[in-house]
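The primary structure of each chain is shown beneath.
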Amino acid sequence: MQKPVITPAQAVAKIKSGMTLMVGGFLAAGSPHKILKLLSESDICDLTIICNDTAFPDKGIGLLIAAKKVKKVIASHIGTNPLTIEQFNNKETEVVFVPQGTLAEQVRCGGSGLGGVLTPTGLGTVVANGKQVITLDGKEYLLEKALRGDIALIGASIADGSGNLHYKGTTQNFNPLMAMACDTVIAEVEELVETGEIPMENVHTQGILVDWLVQ
């Protein structure tokens, strides 16, 4: 089944204020740059962003922060973006800090139909505040609930006509997980090839998960 190819503007038109977006990539590598740039220039606001980090002020998710489009960030760190830190300190943007491995597992659970993950990471720290502690076989764990979003914005290196995606190098970071944890997935791709041109072992995200492609 061929996936529709749309423009970045058409992709942004599918996003509404107040939505929860999952954005792949690591420090903007592997992020959908064209979509994020147009989104930062739109009237859309009050977004919740689930991501590994908020990149830099002039790149990737950082553009949304700079434009003050984001009301809440769930991420593992914000240290490379001073604007996120400033907005957090000024109580303009809520930031929920999550250990990186825990964040990945919460997203994986969201995409796998699981309610959450049990982890010892964060016990006895502020990470545990307000969270349920479960004792299993005499050992305590935090219950970290699954995370899901409305739309996943993915940055891929190559897509075929059926929507199968391949990520080169570290651009794979968080993208396959995010694509599983949203009902709607928009993938911005650098190269579009015919179905079958990506070797099966190089498909990192299956086309069944992808709704639209942006080239």
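Located above this text is the structure these notes cover.
Rules of the game
Residues numbered from 1 in each chain as written. Predicted model: local features only at pLDDT ≥ 70, side-chain atom pairs only at ≥ 80, totals over all residues. Heavy atoms only, no water. Salt bridge = Lys/Arg side-chain N within 4 Å of Asp/Glu carboxyl O. Helix = DSSP H or I, 4+ residues; strand = E, 2+ residues; numbered from the N terminus. Pairing = 2+ DSSP bridges. Expected span 1.5 Å × (residues − 1). Buried < 20%, exposed > 50% of the residue type's maximum accessible area, 1.4 Å probe, protein only. Contact = heavy atoms within 4.5 Å. Right-handed = clockwise from strand over helix to strand, strands pointing away. Patch = residues over 30% accessible without salt bridge, like charges linked within 9 Å, V, L, I, M, F, W, Y side chains within 5 Å. Areas by Shrake-Rupley, 256 points an atom, 1.4 Å probe, with all protein chains shown as cover. Lys, Arg positive; Asp, Glu negative; His and termini not counted. Charge placed at Lys NZ, Arg CZ, Asp CG, Glu CD. Axes fitted to C-alpha atoms, helices over the stretch in contact; angles between N-to-C directions.

Some words on the pattern of salt bridges
Inspection of the entire model under this criterion finds 5 salt bridges. Close ionic contact of R148 with D183 constitutes a salt bridge, the shortest N to O distance being 2.8 Å. Pair noted here: R148 is in the loop between strand 8 (139-145) and strand 9 (149-160) and D183 is in strand 11 (residues 182-193), with a separation of 35 residues, a long-range link.

Comments concerning the pairing of strand 7 (residues 133-136)
Two elements, strand 7 and strand 8, share 4 bridges in a ladder whose sense is antiparallel. Of the residues in strand 8, the one forming a bridge with T135 is E140.

Some thoughts on helix 5 (residues 100-112)
For helix 5, with 13 residues, the first-to-last C-alpha span of 18 Å sits near the 18 Å given by 1.5 Å per residue. Within the span of helix 5, buried status applies to T102, L103, A104, Q106, V107, C109 and G110. The secondary structure elements touched by the buried residues of helix 5 are strand 2 (20-23), strand 3 (47-50), strand 4 (70-75), strand 6 (116-119), strand 8 and helix 6 (175-180). Directly beyond the C-terminal end of helix 5, a positive phi value near 75 degrees is found at G113.

Concerning the pairing of strand 4
In this sheet, strand 4 lies alongside strand 3 in parallel orientation, the contact comprising 4 bridges. Residue pairing for strand 4: I50 is matched across the bridge by I74. Tracing the backbone out of strand 3, into helix 3 (residues 61-66) and back to the parallel element strand 4 gives a crossover that is right-handed. In terms of strand pairing, strand 4 meets strand 5 (residues 94-97) through 4 bridges, oriented parallel. Paired with I74 across the strands is V96, a residue of strand 5. On the question of chirality, the crossover connecting strand 4 to the parallel strand 5 by way of helix 4 (residues 82-89) is right-handed.

A word on a negative patch on the surface
Where like charges cluster on the molecular surface, the negative patch consists of E190, E191, E194 and E197. In this structure, E194 sits in the loop between strand 11 and strand 12 (212-214).

A look at the sheet that holds strand 7
With antiparallel pairing, the 3 strands of this open sheet are ordered in space as 6-8-7. A strand with exactly one partner marks an edge of an open sheet, and here the two such strands are strand 6 and strand 7. The average undirected angle you get between the axes of adjacent strands in this sheet is 35 degrees. Strands strand 6 and strand 8 of the sheet are contacted by helix 5, whose axis makes an angle of about 150 degrees with strand 6.

Comments concerning unusual backbone geometry
Of note in the backbone geometry, L27 takes a positive phi value of approximately 50 degrees without being a glycine. In this structure, L27 sits in the loop between strand 2 and helix 2 (33-40). Look at K91: it is not a glycine, yet its phi comes out positive at around 60 degrees. Looking at the secondary structure, you find K91 in the loop between helix 4 and strand 5. Judged by its relative accessible area of 74%, K91 is exposed.

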